[in-house]
Amino acid sequence: MDDLVEFLVARINDDNHAYAYVAGTLGAEALLDSHLPMLDLIEQLANNYKAMDPSDSRSAGLAYALRVLAQSYAKHPAYQQAWRP
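By convention here, each chain's residues receive numbers from 1 onward along its written sequence. Note on the predicted model: pLDDT of at least 70 is required for a residue's local features to be given, and 80 or more for side-chain atom pairs to be given and counted; whole-chain, interface and lining totals, by contrast, use all residues. For the side-chain quantities, the full set of heavy atoms in the structure was used; hydrogens and water were omitted.

Enquirer: Break down the overall build of the protein chain for me, citing the residues and quoting the values.
Expert: For helices the rule is a DSSP run of H or I covering at least 4 residues; for strands it is a run of E covering at least 2, with both sets numbered from the N terminus onward. Helices and strands together make up the secondary structure of the protein chain, namely 3 helices and 0 strands. Sequence-ordered secondary structure for the protein chain, helices as α and strands as β, is α-α-α. With respect to the three principal axes, the spread of C-alpha positions in the protein chain is 45 × 25 × 15 Å. Among the 85 residues that make up the protein chain, the fraction classed as buried is 28%. In short, Shrake-Rupley with a 1.4 Å probe defines the accessible areas, and a residue's cover is counted only from the protein chains shown. Roughly 5600 Å² of accessible area belongs to the protein chain as shown, and the carbon and sulfur atoms make up 55% of that amount. Positive and negative side-chain charges of the protein chain, numbering 6 and 11 respectively, have mean locations separated by a distance of 9 Å. For the exposure calls, accessible area comes from a 1.4 Å probe over protein chains only, and a residue counts as buried if that area is under 20% of its type's maximum, exposed if over 50%, partly exposed in between. By the counting scheme adopted, Arg and Lys are positive, Glu and Asp are negative, and His together with the chain ends is not counted. In this description, the location of a charge corresponds to atom NZ of lysine, CZ of arginine, CG of aspartate or CD of glutamate.

Enquirer: Outline the side chain of arginine 11, listing residues and values.
Expert: As for its position among the elements, arginine 11 is in helix α1 (residues 2-26). Among the residues examined, arginine 11 registers a relative accessible area of 11% and is labelled buried.

This is how it looks when you write it as structure tokens:
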């Protein structure tokens, strides 16, 4: 699961860099309808999972949610089919 969390955080960072490039090129108005707030929330979930004790009863549900969210990047070459929920 650690590999999945690292993969997901890396993809979020890539997306954030892409949004920063767009904002720098086209101006901040280009990001008004962006997914930046959602990316921040997903990264927060990933960080919460890393900090969570495996015995925590919420761990399994959060792991499943991260697997579902990672499917957004299923076409990325580093995505592993074993991560599918």
